[in-house]
Structures are given as C-alpha cells and as structure tokens.
There are 2 protein chains.
Amino acid sequence: MDVFLEAAIEQARLGLAEGGIPIGSVLVHDGKILGAGHNRRVQQGSAILHGEMDALEQAGRHPASVYRESTLYTTLSPCSMCTGAILLYGIPKVVIGENQTFMGEEELLQSRGVKLQVVQDKTCIALMEEFIQRNPDLWFEDIGE
Amino acid sequence: MDVFLEAAIEQARLGLAEGGIPIGSVLVHDGKILGAGHNRRVQQGSAILHGEMDALEQAGRHPASVYRESTLYTTLSPCSMCTGAILLYGIPKVVIGENQTFMGEEELLQSRGVKLQVVQDKTCIALMEEFIQRNPDLWFEDIGE
C-alpha cells in the first residue's frame, strides 16, 4: 500500500469517527505531506470542505511552483469542485482510491493533461459503500443524485 | 445597478478594506441572499476561500433543490475552482461583474448549460485593476499567470 494513500484513508477514517463522510485526502510535495484533510460537511456544516479542499486548505498558501510539482491523493474520485481546484493550482497528478461508488470529473481532468492513477482500493470502496448504505439521505443531500 | 451585484461589490470592498483581494460574491435564492462572501486568501491564508466559495460556505448546507433555483453573483469571472463548485451544486445562473481583468472558465460553464450574464461593471473592473497594479506579486502568487 502506498504510504500516502494510506494517509488519505486515515483521514477518511478520522472523518467517519467524527460522524462525517469518510473521504480523505493528502497533498504531497517532494515526498512530504503538505496538508491532510477530510470531508467536513457534517462536522462543520461546510458546503466546500470536501476531503481534497480540506487538504489544500490545511496545506496553506504556497507559490504556484509547489503545486505544479505536487501530487494529490484522495480516497474517492474528485467531484467537479475538487476537480476545479486541481485545475486552478495546476496539480499534475492525482492518485484516486476508487471511482466505483462515485465517478467524478476524471474525463475533464485528463482532457486538461492531469495524470490519474485509480487504485480501486478495497478499503476505500468499503468505507463509502457502508457509509452510503447507512446514510443515504446525507450522501444524496447536496447534489441530489 | 442590480441590488445583488451591488451586494457582491460591497463584499469586494470589505475584502479590500481588510487588506485582501477585492472579489466578492453572493448566493441568491428566491430574492434573498443566502450567503455573502469575499476572497480571504490574505486574511486567513486560505487557498480555497475565493469570493464565490466563501459565499457558498457562508450560506451553509442546503438541499440540492435550493442550489438549482439559485443565482450566484460574483464581481469577477469564476476561476476553475469556483466554476467546479457552481457545477457541483447545479447553480443554473451566474451574474459576473467583469471578465476583463481575469477570464475564468466561462466556456466550461456554458458548455454545461449554466447561463452567464457578464455586466462589465466599471466599479468591478477598477477594483481589480488598482489591486493588481499595487499588488502584482500577491495576485500572481498562487496560479502564477
């Protein structure tokens, strides 16, 4: 198991333990984690703190050159918003835990030259499957799909 | 002047008074402002709180049906990240103060069916022109363009 994907999964588990949606993410530059985050929709009533967004926010402000040498790890395929953030900052590579429970904007990312690695990790899939089964209203609340 | 664009400009001015980047936004539903926000990159060291993101965050959690009947007002053409958030929530209309100092992802928004109204408001343009002239390093810091 990739140590950085493991760190993203640890964030997802942390979110689950807080009563939240189990999606986690880490931003990695030069072999080090700049920021680690998880979805905070439930915990903070946040409309924008998805796992990837939280990782970017926890990383703080960096110059463009740092983002352009970084890799974003996320337990779940990035939604439109997180995809937009990846494009804004020019992050060149995204490692995706799984895209079976939700398929994000992978086509858009690839069309803009972002390299994707989809792991289909069993732990990531199990975390989401169990969560959606137990909390369908919460999962479908905001984007209604 | 549209009262909601005026409210977005008021947010931009508030950000400027705080020493921040003068971009503001309001999310409007059924004739009422659900959330008003402004760019907080400088004030909070935030990588994700652009004006539009802050307006969404200040609005709090809403069901999908609310977003799909809302209009987002923003003083500046939405970047990739804010565009992604608009697409995530299915916001059908965006009123844009100006796109002369920065052209965002308007083509992507339109290709997904989002209706855009670009005002080319002189106040919005002047706020950004003055800011960029005085703070070029800050404006070009994160996305390096």
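You'll find chain A entered in an unreviewed UniProt entry as Cytidine deaminase, with Lacimicrobium alkaliphilum given as the organism. According to UniProt, the comment filed for chain A under the heading Pathway (unreviewed entry) is "Pyrimidine metabolism." Under the Subcellular location (unreviewed entry) heading, UniProt states for chain A: "Cytoplasm".

A. Here's a closer look at the UniProt feature "domain: CMP/dCMP-type deaminase" (unreviewed entry) in chain A. In the UniProt entry, the feature "domain: CMP/dCMP-type deaminase" (unreviewed entry) is given for residues 1-116 of chain A. Helix makes up 41% of residues 1-116 of chain A and strand makes up 21%, while its end C-alpha atoms are separated by 17 Å.

B. Spotlight on the relation of the copies chain A and chain B. In the superposition of chain A on chain B (RMSD 0.0 Å, axial shift 0.0 Å), the rotation amounts to 180 degrees. Both chain copies can therefore be described as sitting about a two-fold axis. Among all C-alpha atoms of chain A, that of Gly84(A) lies closest to the rotation axis, at 2.4 Å. An overlap of 100% is found between the interface residues of chain A and their copies at the interface of chain B, pointing to a shared contact surface.

C. Region of interest: the sheet that holds strand 5 (residues 115-118) of chain A. All names here are of chain A. Taken together, 5 strands build an open sheet; the order of strands is 2-1-3-4-5 and the sheet is mixed. Edge positions in the sheet fall to strand 2 (32-38) and strand 5, since each has one partner strand and no second. Along the sheet, successive strands turn relative to each other by an average axial angle of 15 degrees, direction set aside. Looking at chain direction, strand 3 (residues 70-74) and strand 4 (residues 93-96) are connected through 4 bridges and run parallel. In the strand pairing of strand 4, Leu72 is matched with Val94.

D. Summary view of the sheet that holds strand 1 (residues 24-29) of chain B. Residue and element names in this part refer to chain B. In spatial order, the strands read 2-1-3-4-5; together these 5 strands make up an open sheet with mixed pairing. The strands lining the two open edges of the sheet, one partner per strand, are strand 2 (32-38) and strand 5 (115-118). Pairwise comparison of adjacent strand axes, ignoring direction, gives a mean angle of 15 degrees for this sheet. Across 6 bridges, strand 1 lies against strand 2 in antiparallel orientation. From the neighbouring strand, Val28 faces strand 2, where its bridge partner is Ile33. Against the sheet, helix 1 (residues 3-17) engages strand 1, strand 2 and strand 3 (70-74), with an angle of about 145 degrees to strand 1.

E. Spatial organisation of the interface of chain A and chain B. Of the residues lining the interface, 34 residues belong to chain A; the matching set on chain B comes to 34 residues. For the pairing of chain A and chain B, the buried interface totals around 2,900 Å² over both sides, and the portion due to carbon and sulfur atoms is 56%. Among the residues chain A hides against chain B, the three largest losses belong to Ile48(A), Arg61(A) and Leu88(A). Together they make up 24% of the total. Taken together, the links from chain A to chain B amount to 4 salt bridges. Viewed at the interface, chain B and chain A are joined by 16 residue pairs in polar contact (both at pLDDT 80 or more). Listed by contribution, the elements that provide at least two residues to the side of chain A that touches chain B are helix 2 (41-44), helix 3 (51-59), helix 4 (64-67) and helix 5 (80-89) of chain A. Top contributing element to the side of chain A that touches chain B by residue count: helix 5 of chain A, with 7 residues. Of the residues in the side of chain A that touches chain B, the class split is 18 nonpolar, 8 polar and 8 charged.

Rules and cut-offs
Residues numbered from 1 in each chain as written. Chains lettered and ligands numbered in written order. Predicted model: local features only at pLDDT ≥ 70, side-chain atom pairs only at ≥ 80, totals over all residues. Heavy atoms only, no water. UniProt positions renumbered as here; feature names shortened; annotations may be inferred. Helix = DSSP H or I, 4+ residues; strand = E, 2+ residues; numbered from the N terminus. Least-squares fit on C-alpha atoms with pLDDT ≥ 70 in both. Contact = heavy atoms within 4.5 Å. Pairing = 2+ DSSP bridges. Axes fitted to C-alpha atoms, helices over the stretch in contact; angles between N-to-C directions. Buried area = accessible area lost by both parts, 1.4 Å probe. Salt bridge = Lys/Arg side-chain N within 4 Å of Asp/Glu carboxyl O. Polar contact = N/O pair within 3.5 Å; in protein donor to acceptor, adjacent residues only side chain to side chain. Nonpolar A, V, L, I, M, F, W, Y, C, P; charged D, E, K, R; others polar.

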